[in-house]
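Residue strings, one per chain:
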Amino acid sequence: MTDVQTFYGRWARVYDVLATLPGVQSWRQEAATALDLASGDSVVEMGCGTGANLPHLREAVGERGAVIGLDVTRGMLVRARGRGQAQLLQADATRPPLAEPVDGLLGSFVVAMFADPRSVVDQWCDLVAPDGRVALLHFTRSERTWARPINAAYRALVWGSSTNKRQTGVTESHDRRVAAAYDRLTDRTTDHREQRLAGGYLRLASGRIEA
Ligand SMILES: C[S@@+](CC[C@H](N)C(=O)[O-])C[C@H]1O[C@@H](n2cnc3c(N)ncnc32)[C@H](O)[C@@H]1O
């Protein structure tokens, strides 16, 4: 078992409570909206965790659509069961075993966990059909002036959610990985859109795969 599976397996129940708080739902709704999905489309969430985004994705694709939730941690997927009537897959998002292209792909609070986020985002973009969209949602440092004092809390949050707390420069490494993933999304897509949520601490970006 990897550090990620041990960490999230242990904290799945607590994570689920936090991930489904009422205030968090609006971010998840925005993330699903950023994919411009239509009824009957197919969508995958990489690292879906306990499935908090899946009902929003289902709402966007309707009953005829297909929602896939992929995660490497069994304990997280157990809690995702039944959410959004999704097909759940226990698999590695850095080597996703999807045979068919999808119309939308979401990575929410996950890209900082990859050693090479650029190549993962590349692979994700390759899985999306022409005109489909890819969206990333993640914590980031807020650049708003009033938020500067709160950036200490941001560092604590990043450290707390890190699966490798012995590593030095946890926040810097986290920020580098997130930036690399978002930069790659910008390189690989057109019709790029970006918004900040939660007082600037959440970055939602999306782009369209060129036809
Ligand atoms: C912070 S949680 C995010 C869960 C969900 N996306 C959300 O928005 O609440 C990160 C999830 O990514 C999963 N994960 C981390 N590395 C992964 C990988 N290589 N492949 C698949 N899932 C992974 C973890 O198991 C965990 O469930």
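Residues numbered from 1 in each chain as written. Predicted model: local features only at pLDDT ≥ 70, side-chain atom pairs only at ≥ 80, totals over all residues. Heavy atoms only, no water.

1. Overview of the environment of Ala129
Test applied: Per the convention used, a helix needs a DSSP run of H or I reaching at least four residues, while a strand needs a run of E reaching at least two, with both numbered from the N terminus. Exposure categories follow from relative accessible area, calculated using a 1.4 Å probe and restricted to protein chains: below 20% of the type maximum is buried, above 50% is exposed, and the middle band is partly exposed. Any two residues whose heavy atoms approach within 4.5 Å are treated as being in contact.
Among the secondary structure elements, Ala129 is positioned in strand β5 (residues 128-139). On the basis of relative accessible area, Ala129 is assigned to the buried category, the value being 16%. Taking C-alpha positions, Ala129 is 5.7 Å from Val102, a pair spaced 27 residues apart along the chain. Not counting chain neighbours up to four residues away, the residues in contact with Ala129 comprise Pro101, Val102, Asp103 and Ile209.

2. Topic: helix α1 (residues 3-19)
Going by this rule: An expected span of 1.5 Å times one less than the residue number is assigned to each helix. Values of bend correspond, residue by residue, to the angle between axes fitted over the seven residues ending at that residue and the seven starting there.
Between its first and last C-alpha, α1 extends only 20 Å over 17 residues, short of the 24 Å set by a 1.5 Å rise per residue. The principal kink in α1, of about 70°, is found at Ala12.

3. Quick look at the sheet that holds strand β3 (residues 87-90)
Within a sheet, each strand pairs with its neighbour through backbone hydrogen bonds, oriented either parallel or antiparallel. Note the threshold: Following DSSP output, two strands are said to pair if at least two bridges run between them. Angles here are taken between N-to-C directions and fall from 0 to 180 degrees, while the axes themselves are lines fitted to C-alpha atoms, restricted in helices to the stretch in contact.
Across the sheet, which stays open at both edges, the 7 strands sit in the order β3-β2-β1-β4-β5-β7-β6 with mixed pairing between neighbours. The outermost strands of the open sheet, each flanked by one partner alone, are β3 and β6 (190-197). In this sheet, neighbouring strand axes are inclined to one another by 15° on average, regardless of whether the strands run parallel or antiparallel. Relative to the sheet, helix α7 (residues 170-188) contacts β5, β6 and β7 (202-208), its axis offset from that of β5 by approximately 160°.

4. Here we look at the site of the ligand
Quick note on the threshold: Only heavy atoms are used to decide nearness, and a residue is near a molecule or strand if one of them lies within 4 Å of it. In protein, a polar contact means a hydrogen-donor-capable atom and an acceptor-capable atom, both N or O and within 3.5 Å, with residues adjacent in sequence counting only if both atoms are side-chain atoms; elsewhere, any N or O pair within 3.5 Å suffices. Here the accessible surface of atoms and residues is derived via Shrake-Rupley with a 1.4 Å probe, and residues count as covered only by protein chains that are part of the display. Residues were grouped as follows: Ala, Val, Leu, Ile, Met, Phe, Trp, Tyr, Cys and Pro as nonpolar; Asp, Glu, Lys and Arg as charged; and all remaining residues, including Gly, as polar.
Taken together, 22 residues are adjacent to the ligand, and Tyr15, Gly47, Asp71, Thr73 and Ser108 come closest. Measuring from a nitrogen atom of the ligand, one finds a side-chain N or O atom of Glu45 at 2.7 Å. In this structure, an oxygen atom belonging to the ligand sits 2.6 Å away from a side-chain N or O atom of Thr73. When isolated, the ligand has an accessible area of 600 Å², and the protein chains bury 95% of it. Broken down by element, the residue count for the shell around the ligand peaks at 3 residues, all from α1. Here the shell around the ligand is built from residues that sort into 12 nonpolar, 6 polar and 4 charged.

5. Looking at the packing of helix α2 (residues 22-33) against helix α3 (residues 54-61)
Here is the rule: These descriptions rest on fixed angle ranges, namely under 35 degrees for roughly parallel, over 145 for roughly antiparallel, 65 to 115 for roughly perpendicular, and the rest for oblique. By convention, the crossing between two helices is left-handed when the near helix turns anticlockwise from the far helix through less than a right angle, and right-handed when the turn is clockwise.
Contact geometry for α2 and α3: axes closest at 9 Å, N-to-C directions at 40°. In terms of their interaxial angle, α2 and α3 are classed as oblique. In this structure, the crossing between α2 and α3 has a hand that is right-handed. Residue-level inspection shows Gln25, Arg28, Gln29 and Ala32 of α2 in contact with α3, the latter providing His56, Leu57 and Glu59. Of the residues assigned to the contact of α2 with α3, the class counts are 2 nonpolar, 3 polar and 2 charged.

6. Section: unusual backbone geometry
One non-glycine residue with positive phi stands out, namely Asp36, at about 50°. Tracing the backbone through its elements, the reader meets Asp36 in the loop between α2 and β1 (42-46). At Asp191, a position not held by glycine, the phi torsion is positive, near 45°. As for its placement among the helices and strands, Asp191 is situated in strand β6.

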